[in-house]
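The lines below spell out each chain.
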Amino acid sequence: MKEIVFVITSHDRLGDTGHKTGVWIEEFATPYYILKDKGVNITLASPKGGQPPIDPKSHEADFQTPATVRFDKDEATKTAFANTQKLETINESDFDAVFYPGGHGPLWDLAEDKNSIALIEAFYNNAKPVGAVCHAPAVLKHTKNADGTSLVKGKNVTGFTNGEEDAVQLTQIVPFLVEDMLKANGAKYSKAADWTPHAVADGHLITGQNPASSEQVATLLLEKLQ
């Protein structure tokens, strides 16, 4: 059985706006069930351990999908979600891949988290898939190759666009823009029209543009695992 670890944000504050953020639950639920239904064993981790914050907006009716509805009724998965392992206890050698769901939270914690950075580098250097969707490619901000260059330099990647960030009126709130960061790090950044599915695989790195891309990212991850 293949083993994958999902790394979920622990950050719940949207800058100093007074509003809450966290993981975008669809970006967790869709990949979770696609992989689980194919027999992949999934471990959940977060920087602080325990219950990760869920972006309250991701519970709104407009953003519900079959996967989020399933999650809401799935007591076993909700219990696992409420009891994530501390990220510092996770070892790359125990897993076949790592996946990061998005939401704005990762911009603040996982992008700067030393354990996360080291984990991604370990997976990548051992030729194991690293997946991230929407805002989660933010976790690649400080990751490096063995020669000290940015892990994304020269690689085909995507992530939440400047236009999409502008549309949700958070351009001035977030600590950095995912699109700008990836380009600044030398990535070959690509995007589709705002809010349409777009996922890119380059070697062991798999990235998706937005919530609509989570299914594609999970499918690409599954192909790599198989």
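Reading the values: the criteria
- Residues numbered from 1 in each chain as written.
- Predicted model: local features only at pLDDT ≥ 70, side-chain atom pairs only at ≥ 80, totals over all residues.
- Heavy atoms only, no water.
- Helix = DSSP H or I, 4+ residues; strand = E, 2+ residues; numbered from the N terminus.
- Rg over C-alpha atoms; globule rule 2.2 N^0.38 Å.
- Buried < 20%, exposed > 50% of the residue type's maximum accessible area, 1.4 Å probe, protein only.
- Areas by Shrake-Rupley, 256 points an atom, 1.4 Å probe, with all protein chains shown as cover.
- Pairing = 2+ DSSP bridges.
- Lys, Arg positive; Asp, Glu negative; His and termini not counted.
- Salt bridge = Lys/Arg side-chain N within 4 Å of Asp/Glu carboxyl O.
- Polar contact = N/O pair within 3.5 Å; in protein donor to acceptor, adjacent residues only side chain to side chain.
- Contact = heavy atoms within 4.5 Å.
- Core = buried A, V, L, I, M, F, W, Y, C linked by side-chain atoms within 4.5 Å.

Participant: Outline the overall build of the protein, supporting the account with residue identities and numerical values.
Facilitator: Looking only at helices and strands, the protein features 8 helices and 9 strands. A compact globule built from 226 residues should have a C-alpha radius of gyration of about 17 Å, and the protein, at 16 Å, falls within 12% of that. The principal-axis extents of the C-alpha atoms in the protein amount to approximately 45 × 40 × 30 Å. Every one of the 226 residues in the protein was classed for burial, and the buried ones make up 52%. Surface accessibility of the protein: about 9,600 Å² in total, with carbon and sulfur atoms responsible for 48%.

Participant: Before we move on, can you summarise the pairing of strand 9 (residues 205-208) with the specific residues and values?
Facilitator: Successive residues of a regular strand alternate their side chains across the two faces of the sheet. Side chains of strand 9 alternate between two faces, with Leu205 and Thr207 and Ile206 and Gly208 buried alike. Of the strand pairs in this sheet, strand 5 (residues 130-133) and strand 9 are connected by 4 bridges, and their pairing is parallel. Paired with valine 133 across the two strands is glycine 208, which belongs to strand 9. In textbook terms, the turn of a hairpin is the stretch between consecutive antiparallel strands, and for strand 8 (residues 199-202) and strand 9 this stretch comprises 2 residues, one of which, glycine 203, has a positive phi near 60 degrees.

Participant: Talk me through the sheet that holds strand 2 (residues 41-46); I want residue IDs and the actual numbers.
Facilitator: Sheet strands associate in pairs through backbone hydrogen bonding, adopting either a parallel or an antiparallel arrangement. Across the sheet, which stays open at both edges, the 7 strands sit in the order 3-2-1-4-5-9-8 with mixed pairing between neighbours. If you trace the sheet from one side to the other, it starts and ends with strand 3 (85-86) and strand 8, each paired once. Pairing of strand 4 (residues 97-100) with strand 5 involves 3 bridges; the strand directions are parallel. In the strand pairing of strand 5, valine 98 is matched with valine 130.

Participant: Tell me about unusual backbone geometry, and please be specific about residues and values.
Facilitator: Notably, alanine 127 is not glycine yet its phi reads approximately 60 degrees, a positive angle. When you line up the elements, alanine 127 lands in the loop between helix 5 (114-125) and strand 5. Alanine 127 gets classed as partly exposed once you look at its relative accessible area, which sits at 45%. The backbone of tryptophan 195 sits at a positive phi, close to 75 degrees, despite the residue not being glycine. Inspection of the secondary structure puts tryptophan 195 in the loop between strand 7 (188-189) and strand 8. Residue classification places tryptophan 195 among the partly exposed positions, given a relative accessible area of 41%.

Participant: Tell me about the side chain of glutamate 27, and please be specific about residues and values.
Facilitator: Mapped onto the fold, glutamate 27 is located in helix 1 (residues 25-36). Of the side chains with opposite charge, lysine 57 lies nearest to the buried glutamate 27, which makes no salt bridge, at 14 Å. In this structure the side chain of glutamate 27 is engaged in a polar contact, spanning 2.8 Å, whose partner is the backbone nitrogen of glycine 102.

Participant: Report on the side chain of lysine 128, specifying residues and quantitative values.
Facilitator: Mapped onto the elements, lysine 128 comes out in the loop between helix 5 and strand 5. With relative accessibility at 15%, the residue lysine 128 sits in the buried group. Separated by 2.7 Å, the side chain of lysine 128 and the backbone oxygen of phenylalanine 95 make a polar contact.

Participant: Tell me what's going on with the environment of alanine 82, and back it up with residues and numbers.
Facilitator: By secondary structure assignment, the location of alanine 82 is in helix 3 (residues 75-82). Taking relative accessible area as the criterion, alanine 82 reaches 24% and is therefore assigned partly exposed. Separated by 29 residues in the primary sequence, alanine 82 and proline 53 have C-alpha atoms spaced 9.3 Å apart. Not counting residues up to four positions away in its chain, the partners in contact with alanine 82 are Gly50 and Gln51.

Participant: How would you sum up the nonpolar core? Please name residues and give values.
Facilitator: Among the nonpolar cores identified, the biggest contains 35 residues, and Val5, Val7, Val98, Tyr100, Leu119 and Leu182 are the most heavily contacted of them. Going through the elements one at a time, strand 1 (3-7), strand 4, helix 5, strand 5 and helix 7 (178-184) are the ones with two or more residues in this core. When neighbours within four sequence positions are excluded, valine 7 is seen to be in contact with Ala45, Leu87, Val98, Phe99, Tyr100, Pro101, Leu110 and Leu119.

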